[in-house]
Amino acid sequence: MLQSLAALAVCATALVQGQSVGSFPHSYPGEPSGDFSPEWQNYFQVTDPLPNISFPLGRNWAGNIPVGRPDHPNDTLFFWAFEKENGSLTSNSSEDPWGIWLNGGPGSSSMLGLFFENGPLHVADDYSLFSNNNSWDKLADYIWIDQPVGVGFGTVDKNSFVPDEDQMGIDFFGFLANLVKVFPGLKTRPLHLTGESYAGTYIPYITKTYFGLTDPPVNLTKIAIGDGTIGSGIVFEILPTRTHYQVQLTVIETYPQLIGYDPDVYNYFKTQNHLCGFDLNLTYPQTGKFPTLNLTVEPGIEVAARYRSDMQRRLKMNVVSESLKAGLFARHDDESNDSDEREMRRKAKRDSWKLEKKRDLSALPNGTVDTWYGCDLYDEMIDYALNFSIPWKGNTFDGFDVYNIPDALDPEAPMDANNRTRTAIHAPTSKDWESSINYMFSGPGGQDPSVEPMAFLDDLAANATKHGVGIVVYSGNDDSLVSHAGTQVVIQNTTFGGIQGFTRPPSTPWFDDTGSFAGIVHQERNWT
């Protein structure tokens, strides 16, 4: 279905400005009248052949369901559901768990997860489709959902994006209330709510909303967040650029090739890490809360909400990649309000770097924070890699994949949806699918004004214990943007089961189904 699904609008890494025009769901032949009910199962079931699918595909359902926000009838979320086995999703007697997957952004479609990560259909770089033998619907009935309203194939009334995460949580449960009318068996079955990246913000807010409902439409029993933005931007992005059990040189220690294996450069980052107060010590159990971290930068840089969105970083990497193609080395920064003069100064600095074999660190006396980057050590690390370190140096390779350091080429197939596919999955005709949009919240410049989940995680953890909701937090080793170090800080800064953090450092080897080493796992007091 790509070339033909081909298949679902723009390059998968592109960032599109959030739409200010409205969109609305499409009514296809056979749509029932009246409120949602099991009668809608036949309508939502995907029965038309999907282009380029040459392998068996189990029963699945897709379409738009409204969130029920008053006076906003066109605010909907798009879902695509796959059942584990024939009849399992539509059963009214099953007690088996079911799952939901959310991508992040904010503004990224969960169809990215379906087609490139954990869904039953995968898209190869040559646009061919293949069956994913490790799809999560082989474990449980699973539903991939585009949200908040307006994301992916979700629709939204004009200028009706959610203003903040509290409204997002309300909308999500409005959607679920209608979903369980279509699939009533889901109401009492255990729900596992899962997601990655900025879903590390979505899921805690959704869970907080759940605990505030007197009669929730679902039975939430577990949340799982991968590479999640649970802490502040400084915690999940900049802090991990750290030394062992101190938390920014983690990324550099894991991949020293980023700095060309240079011990002087390593010591430079280590010193900057200390001067910025990022060398937090993790103890087991943790004693006392970590101090609030502040980002020191050159005066005049607008940073108040700069690190709330990993999608902003993704946009920057896209710009850097295009600059590399053109042989340019001007340091782009689309996240701040730089003047033309500042951009000229940036370009001059980068041009001077090009003349050197490595950055001259002698100009910085001990005890001085770099006046150019301040404490934005992550940005500084990327710039160093792009200027001096193979394979990222120059235009030899195309870009820097912040989510997968070893992948210097960042290969992802573009996607775009034709009418045949759109009709088959009951997608709206009033908008084109975008992999990611620059979601416009109500904060300055469209930023999310909501406080990071770590600020209320103690209360959330207490409610999770009270209601028997398990919490799983996991991090990939190759993700430099949302590193495991930030995840460890979040865990050790949270009180759950009456104790702050884990009492022992994670050290138990974890192996995949083939017996190969796959990571480290630890579990205490219903946290993993």
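Model, not experiment: these values are computed from the prediction.

A.B. asks: Looking at this structure, I do not really get the pattern of salt bridges. What am I missing?
C.D. replies: Charged atoms that come close allow side chains of opposite charge to pair. Summed over the entire model, instances satisfying the criterion amount to eight salt bridges. Across the pair Asp-171 and Arg-69 runs a salt bridge, and its minimum N-O distance is 2.6 Å. With Asp-171 in helix 4 (residues 165–182) and Arg-69 in the loop between strand 2 (60–66) and strand 3 (76–82), this pair connects stretches of sequence that are 102 residues apart. You'll find Asp-171 and Arg-69 in the same group, each marked buried. For Asp-432, the salt bridge identified is with Arg-422, shortest N-O distance 3.2 Å. Of this pair, Asp-432 sits in the loop between helix 12 (419–424) and strand 10 (437–438) while Arg-422 is found in helix 12, placing the two residues 10 residues apart along the sequence. Residue Asp-432 is classed as partly exposed on the basis of its relative accessible area of 46%. Arg-422 sits in the buried class, given a relative accessible area of 7%. Linked by salt bridges that have partners in common, Arg-69, Asp-75 and Asp-171 make up one network.

A.B. asks: How should the pairing of strand 14 (residues 508–511) be read in this particular structure?
C.D. replies: Residues in a regular strand point their side chains to alternate faces of the sheet. With four bridges joining them, strand 14 and strand 15 (residues 517–521) adopt antiparallel strand pairing. Looking at the pairing, Thr-508 lines up with Val-521 of strand 15. Here strand 14 folds back onto strand 15, and the loop between the two strands holds five residues, one of which, Gly-515, carries a positive phi near 90°.

A.B. asks: I'm lost on helix 5 (residues 199–211) in this one. Help?
C.D. replies: Structurally, the α-helix is built with 3.6 residues per turn, so residues lying three or four positions apart point the same way. Between its first and last C-alpha atoms helix 5 spans 18 Å; for 13 residues at 1.5 Å apiece the expected length is 18 Å, and the two agree. With respect to burial, helix 5 is a largely interior element, 12 of its 13 residues being buried. Tucked inside the fold, the buried residues of helix 5 contact strand 4 (98–102), helix 4, strand 8 (190–196), strand 9 (219–226) and helix 13 (457–467).

A.B. asks: Honestly, the environment of Thr-76 in this entry has me stumped. Any pointers?
C.D. replies: One can find Thr-76 in strand 3. Overall, Thr-76 belongs to the buried group, its relative accessible area being 1%. Expressed as a C-alpha distance, the spacing of Thr-76 and Gly-150, which sit 74 residues apart in the sequence, is 7.4 Å. If sequence neighbours within four positions are ignored, Thr-76 has contacts with Pro-25, Asn-64, Ile-65, Pro-66, Val-67, Val-149, Gly-150, Gly-154 and Thr-155. Of the polar contacts made by the side chain of Thr-76, one reaches the side chain of Thr-155; its length is 2.6 Å.

A.B. asks: Explain helix 13 here, please?
C.D. replies: Those residues of helix 13 that fall on the buried side of the exposure criterion are Leu-457, Leu-460, Ala-461 and Ala-464. The arc that holds the buried residues of helix 13, viewed along the axis, is 100°, so those residues lie on one side. Those residues of helix 13 that are exposed and angled more than 90 degrees off the buried face are Asp-459 and Lys-466. Immediately beyond the C-terminal end of helix 13, within one or two residues, lies Gly-468, with a positive phi of roughly 70°.

A.B. asks: Just to check I follow, could you spell out the sheet that holds strand 3 for this structure?
C.D. replies: The pairing of strands in a sheet comes from backbone hydrogen bonds and takes either a parallel or an antiparallel form. In space, the seven strands of this open sheet follow the order 2-3-7-4-8-9-11, with mixed pairing throughout. The sheet terminates laterally at strand 2 and strand 11 (470–474), the two strands that pair on one side only. Neighbouring strand axes in the sheet, compared pairwise and without regard to direction, differ in orientation by 20° on average. Where strand 4 lies against strand 8, five bridges are found, and the strand directions are parallel. Bridged to Trp-101 within strand 8 is Thr-194. Contacts between helix 4 and the sheet are confined to strand 2, strand 3, strand 4, strand 7 (141–146) and strand 8, with strand 2 contributing the most and set at about 125° to the helix. Together, strand 4, strand 8 and strand 9 form the strand contacts of helix 5, whose direction differs from that of strand 9 by roughly 160°.

A.B. asks: Before we go on, may I ask you to explain the packing of aromatic side chains in this structure?
C.D. replies: The relation between two aromatic rings is expressed through the spacing of the ring centres and the mutual angle of the planes. Under the defined criterion, the tally for this structure stands at 25 aromatic pairs. Ring centres of Phe-161 and Tyr-439 lie 4.4 Å apart, and the angle between their planes is 55°; on these two criteria the pair is classed as tilted. Chaining the aromatic ring pairs together yields one cluster made of Phe-36, Trp-40, Tyr-43, Phe-44, Phe-79, Phe-172, Phe-173, Phe-175, Tyr-210 and Phe-211. Residue placement shows Lys-208 over the ring face of Phe-456; its charged tip is 4.6 Å from the ring centre.

A.B. asks: Mind showing me how you'd approach the pairing of strand 8 here?
C.D. replies: Across the seven residues of strand 8, five count as buried, placing the element largely inside the fold. As paired strands, strand 8 and strand 9 are joined by seven bridges and run parallel to one another. By the bridge assignment for strand 9, Thr-194 is matched with Ala-224.

The rules behind each value
- Per-chain numbering applies: the sequence of each chain, read as written, is numbered from 1 onward.
- Since the coordinates come from a predicted model, pLDDT governs what is reported: local features require at least 70, and pairs of side-chain atoms require 80 or more to be given and counted, while whole-chain, interface and lining totals use all residues.
- Neither water nor hydrogens contribute to the side-chain values; these are computed over all heavy atoms in the structure.
- Whenever Lys or Arg places a side-chain nitrogen within 4 Å of a carboxyl oxygen from Asp or Glu, that contact is recorded as a salt bridge.
- By definition, any uninterrupted DSSP run of H or I lasting at least four residues is a helix, any uninterrupted run of E lasting at least two residues is a strand, and each is numbered from the N terminus.
- A 1.4 Å probe rolled over the protein chains alone gives each residue an accessible area, and that area as a share of the maximum for its type sets the label: buried under 20%, exposed over 50%, partly exposed in between.
- Strands qualify as paired when DSSP identifies two bridges or more between them.
- In a helix, the anticipated span is given by 1.5 Å times the number of residues less one.
- Here, two residues are considered to be in contact whenever any of their heavy atoms come within 4.5 Å of each other.
- Polar contacts, as counted here, are pairs of nitrogen or oxygen atoms within 3.5 Å of one another; within protein the pair requires one atom able to donate a hydrogen and one able to accept it, and residues that are adjacent in sequence qualify only if both atoms are side-chain atoms.
- Directions from the helix axis toward the C-beta atoms define the arc.
- Axis geometry follows a simple rule: fit a line to the C-alpha atoms, using only the stretch in contact for helices, then measure angles between N-to-C directions, giving values from 0 to 180 degrees.
- Note on aromatic contacts: the rings of Phe and Tyr and the six-membered ring of Trp form a pair at centre separations within 6.5 Å, being stacked when their planes are under 30 degrees apart, edge-to-face when over 60 apart, and tilted otherwise.
- The rule is short: NZ of Lys or CZ of Arg within 6 Å of the ring centre and within 35 degrees of the ring normal puts a charge over the ring.

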